[in-house]
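Residue-level structure breakdown
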Amino acid sequence: MSESAHLTPLFPALYVVATPIGNLGDITLRARDILGRVDRIAAEDTRVCGQLLAHFAISKPLMSVREHNEREAAAGVVARILAGDAVAYVSDAGTPAVSDPGARLVAAVRAAGQRVVPIPGVSAVTTALSAAGLESGSWLFHGFLPPKPGPRRAQLQSLAALPVALVFYEAPHRIEESLADMVAVLDGARGVTLARELTKRFETIVTLPLADAPAWLAADPNNVRGEFVVIVHPPSSAVAVDAEAMRVLDILQGGLPPTLAAKLAAQITGRSKAELYKMSLALKPRPDA
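All of the points below concern the structure found in this document.

Criteria and thresholds
Residues numbered from 1 in each chain as written. Predicted model: local features only at pLDDT ≥ 70, side-chain atom pairs only at ≥ 80, totals over all residues. Heavy atoms only, no water. Helix = DSSP H or I, 4+ residues; strand = E, 2+ residues; numbered from the N terminus. Buried < 20%, exposed > 50% of the residue type's maximum accessible area, 1.4 Å probe, protein only. Contact = heavy atoms within 4.5 Å. Areas by Shrake-Rupley, 256 points an atom, 1.4 Å probe, with all protein chains shown as cover. Lys, Arg positive; Asp, Glu negative; His and termini not counted. Charge placed at Lys NZ, Arg CZ, Asp CG, Glu CD. Core = buried A, V, L, I, M, F, W, Y, C linked by side-chain atoms within 4.5 Å. Pairing = 2+ DSSP bridges. 1 Å grid on protein atoms, 1.4 Å probe; cavity = no way out; pocket = protein on both sides within 12 Å on 5 of 7 lines; lining within 4 Å. Points joined across faces, edges and corners; volume = space filled by probe spheres on them. Nonpolar A, V, L, I, M, F, W, Y, C, P; charged D, E, K, R; others polar. Salt bridge = Lys/Arg side-chain N within 4 Å of Asp/Glu carboxyl O. Polar contact = N/O pair within 3.5 Å; in protein donor to acceptor, adjacent residues only side chain to side chain. Axes fitted to C-alpha atoms, helices over the stretch in contact; angles between N-to-C directions. Right-handed = clockwise from strand over helix to strand, strands pointing away.

**Things to note about the overall build of the chain**
In terms of regular secondary structure, the chain is built from 12 helices and 10 strands. Dimensions of the chain, computed from the C-alpha atoms along their principal axes, are close to 75 × 40 × 35 Å. Residues counted as buried form 46% of the 289 residues belonging to the chain. Considering only intrachain contacts with a sequence separation of at least 6, the fraction spanning at least 24 residues in the chain is 70%. Carbon and sulfur atoms provide 56% of the accessible area of the chain, an area that totals close to 14,200 Å². Both charge centroids of the chain, one from 28 positive and one from 28 negative side chains, sit 5 Å from each other.

In structure tokens form, the structure reads like this:
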């Protein structure tokens, strides 16, 4: 970056800055420059941000803008921008507003007629996808699934028929339950890439059949540690048809007896009534839902 760029003041705006997800060497030159030149920095966690800034010898006034105060704190950020400040926003790691706080802040700044400037960089989604070996470029980022089994399975069911890879984030304390529900709802023959602790010392990336994923987790206590990106590879065309039939059946049996639901689903999808009736039994919610 040229010397003149450093001498040019930043204009009043919200600068949405991506930061490393583990390896501090992944920060971009532009991110360091912006963080060093803004008037103040809004952060998901000021303590985490403070450690990052200290590593790069940057000192700036900090503002707390986290999930539980984002709507209210956004007003303070907008006020600073209206007063002429350049304000950066960083989440704890990665790109803000991607399954992280930041979206409400961005919306508030735009609603006030002020400029939002993205400063791109590390994202766990694209980091994992780059190492998954997917031949198809079609994928859907879903983020975190619901923590409770019933809503989680319902969301998986709504995604099952899509002919694309499905990308999820998952926390270590829920990864076993989430994978078990994926095996139950999706086709176990689909491939899955599990990426944990990306860019960190114990980074692990494995690809295996979805049905084998729970056993892989159970094989080593270390396998369930760290934050996960889970990429479920696209289904075969035949599986996608089955998933669509199950989606229709799931909707119908919400208000109809299983026999009638299977009959109507057969008329809609062209599948066997007897086969759909068996599917309806598999779709019954578990007691822990």
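**What to know about the nonpolar core**
One finds Phe168, Leu179, Met182, Leu186, Leu194 and Val230 to be the most contacted residues of the largest nonpolar core, which totals 24 residues. For this core, the secondary structure elements donating two or more residues are helix H7 (149-159), strand S7 (165-170), helix H8 (175-185), strand S8 (191-196), strand S9 (204-209), helix H9 (213-218) and strand S10 (228-232). The element best represented in this core is H8, accounting for 4 residues. Discounting residues that sit within four places of it in the chain, Val230 has contacts with Leu166, Val167, Phe168, Ile175, Leu179, Met182, Val192, Thr193 and Leu194. Tyr15, Val38, Leu53 and Val90 belong to the second largest nonpolar core, which has 21 residues in total.

**Regarding the pairing of strand S1 (residues 13-17)**
Regular strands have side chains that alternate between both faces of the sheet. Of all the 5 residues making up S1, 5 are buried; the element is thus mostly covered by neighbouring parts of the structure. A two-sided burial pattern is seen for S1, the buried positions comprising Ala13, Tyr15 and Val17 on one face and Leu14 and Val16 on the other. Both S1 and strand S4 (residues 86-90) contribute to a ladder of 4 bridges, which runs parallel. What sits directly across from Leu14, in S4, is Val87.

**Some thoughts on unusual backbone geometry**
The phi torsion at Ser99 lies on the positive side, around 55°, for a residue other than glycine. Relative to the elements of secondary structure, Ser99 occurs in the loop between S4 and helix H5 (103-111). Positioned with a positive phi, Thr199 is a non-glycine residue whose angle comes to about 70°. A relative accessible area of 19% places Thr199 in the buried class.

**So, the layout of surface pockets**
In this model, the largest pocket occupies a volume close to 560 Å³. Taken together, 21 residues form the lining of the largest pocket, with Ala93, Asp100, Ala124, Tyr169 and Glu227 sitting closest to its centre. For the lining of the largest pocket, the class distribution of residues is 10 nonpolar, 4 polar and 7 charged.

**What about the pattern of salt bridges?**
Scanning the model with the defined rule gives 9 salt bridges in all. The partner of Lys200 in a salt bridge is Glu197, and the shortest N-O contact between them spans 3.8 Å. Put simply, Arg152, Arg153, Glu177 and Asp181 are held in one network by salt bridges that share partners.

**Description of the side chain of Asn69**
Structurally, Asn69 is set in the loop between strand S3 (62-64) and helix H4 (70-82). Note on Asn69: relative accessible area 16%, which makes it buried. Among the polar contacts listed, one links the side chain of Asn69 to the backbone oxygen of Ser64, at a separation of 3.2 Å.

**With respect to the sheet that holds strand S5 (residues 116-119)**
The parallel open sheet is built from 5 strands, whose spatial order is S3-S2-S4-S1-S5. Only two strands of the sheet have a single neighbouring strand rather than two, namely S3 and S5. Here the average twist between neighbouring strands, direction ignored, is 25°. Pairing of strand S2 (residues 40-43) with S3 involves 3 bridges; the strand directions are parallel. Of the residues in S3, the one forming a bridge with Ala43 is Ser64.

**Some remarks on the pairing of strand S6 (residues 139-144)**
The pairing of S6 with S7 spans 5 bridges and is classified as parallel. Paired with Phe141 across the bridge in S7 is Val167. Handedness of the S6-H7-S7 crossover: right-handed.

Honestly, that's just the spatial picture; any functional story needs more than this.
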